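# Summary of the model geometry
This is what each chain is made of:
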Amino acid sequence: MKIYTLHTKQNLPITLQQAWGFLSDPKNLKTITPSYMSFIIQSGADKPMFAGQIIQYIVTPILGIKTKWVTEITHIEDKKYFVDEQRFGPYSLWHHKHFLREIPGGVEMEDIVDYKIPMGILGQLVHPFLVKPKLKEIFEYREKKLIELFGEYKEQ
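Residues numbered from 1 in each chain as written. Predicted model: local features only at pLDDT ≥ 70, side-chain atom pairs only at ≥ 80, totals over all residues. Heavy atoms only, no water.

Ordered in space as E1-E7-E6-E5-E4-E3-E2, the seven strands form an open sheet in which the pairing is antiparallel. Of all the strands in the sheet, the pair left with one neighbour each is strand E1 (4-12) and strand E2 (40-43). With direction set aside, neighbouring strand axes in the sheet form an average angle of 25°. Bridge count for strand E4 (residues 67-77) against strand E5 (residues 81-88) is seven bridges, and the pairing is antiparallel. (Pairing = 2+ DSSP bridges. Helix = DSSP H or I, 4+ residues; strand = E, 2+ residues; numbered from the N terminus. Axes fitted to C-alpha atoms, helices over the stretch in contact; angles between N-to-C directions.)

Shown next, in the form of structure tokens:
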């Protein structure tokens with residue numbers, strides 16, 4: 001059983017309050033997701049984020065195949081971090097930790113995603129040329145979109 005990890009960091013020139021307000025609102029996930037994924041929230045995004053919240057989406061990640069994705073917000077500490085875990089969807093395991101930290105002139109966002117691909121050895125074989133590049137592309141899109149929305153961070 002191979003578990004993969006995606007780790008990203010991004011600095012933004014906004015306050016911790018602004019970053020938390022945007023990132024902890026499930027409705028904003030569509031804004032920072034590539035449009036080709038046809039991201040649709042079906043339910044669960046009508047309240048501010050809380051531990052135990054179940055959010056249901058439809059996404060089209062690869063080859064136009066629509067996929068239902070259900071996540072649960074399992075842990076949350078106001079303006080510090082939250083964790084979403086897949087309950088149903090395309091991965092055998094999806095555990096996504098979001099951390100926020102004040103830095104001079106802005107905020108540092110850190111994401112750590114631990115995930116497992118289904119289909120055993122076949123999943124492991126397609127990971128390096130299908131799944132890993134797709135995840136990298138999605139997170140790179142998010143980084144560019146957040147810069148577009150909030151500006152580029154300048155070292156203090």
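After that view, the rundown keeps rolling.
What follows is about empty space enclosed by the protein. Considering all chains together, one arrives at one cavity of 30 Å³ or more under this definition. Quantified by volume, the largest cavity comes out at close to 60 Å³. Every residue lining the largest cavity is listed: Leu 23, Phe 82, His 98, Phe 99, Leu 100, Met 109, Glu 110, Asp 111 and Arg 142. Elements supplying a minimum of two residues to the lining of the largest cavity: strand E6 (93-103) and strand E7 (106-116). For the lining of the largest cavity, a count of residues per class yields five nonpolar, one polar and three charged. (1 Å grid on protein atoms, 1.4 Å probe; cavity = no way out; pocket = protein on both sides within 12 Å on 5 of 7 lines; lining within 4 Å. Points joined across faces, edges and corners; volume = space filled by probe spheres on them. Nonpolar A, V, L, I, M, F, W, Y, C, P; charged D, E, K, R; others polar.)

Quick look at the environment of Gly 123 now. Mapped onto the elements, Gly 123 comes out in helix H2 (residues 120-150). Under the relative-accessibility criterion, Gly 123 is labelled buried at 0%. Between the C-alpha atom of Gly 123 and that of Lys 2, which follows or precedes it by 121 residues, the distance is 9.6 Å. The contact partners of Gly 123, leaving out residues within four places of it in the chain, are Ile 117 and Pro 118. (Buried < 20%, exposed > 50% of the residue type's maximum accessible area, 1.4 Å probe, protein only. Contact = heavy atoms within 4.5 Å.)

What the largest pocket holds in volume is close to 890 Å³. Contributing to the lining of the largest pocket are 39 residues, with Met 37, Trp 69, Tyr 91, Trp 94 and Leu 135 lying nearest its centre. Secondary structure elements with two or more residues in the lining of the largest pocket: helix H1 (16-23), strand E3 (54-59), E4, E5, E6 and H2. The element best represented in the lining of the largest pocket is H2, accounting for eight residues. For the lining of the largest pocket, a count of residues per class yields 29 nonpolar, six polar and four charged.

A few words now on the nonpolar core. Nonpolar side chains in soluble globular proteins generally cluster together in the buried interior. Of all hydrophobic cores here, the largest spans 32 residues; its most connected members are Tyr 91, Trp 94, Leu 100, Val 107, Tyr 115 and Leu 135. For this core, the secondary-structure elements that each account for two or more residues are E1, H1, E3, E4, E6, E7 and H2. For Leu 100, the residues in contact, after removing those within four places along its chain, are Leu 16, Ala 19, Trp 20, Leu 23, Lys 79, Lys 80, Val 107, Glu 108 and Met 109. (Core = buried A, V, L, I, M, F, W, Y, C linked by side-chain atoms within 4.5 Å.)

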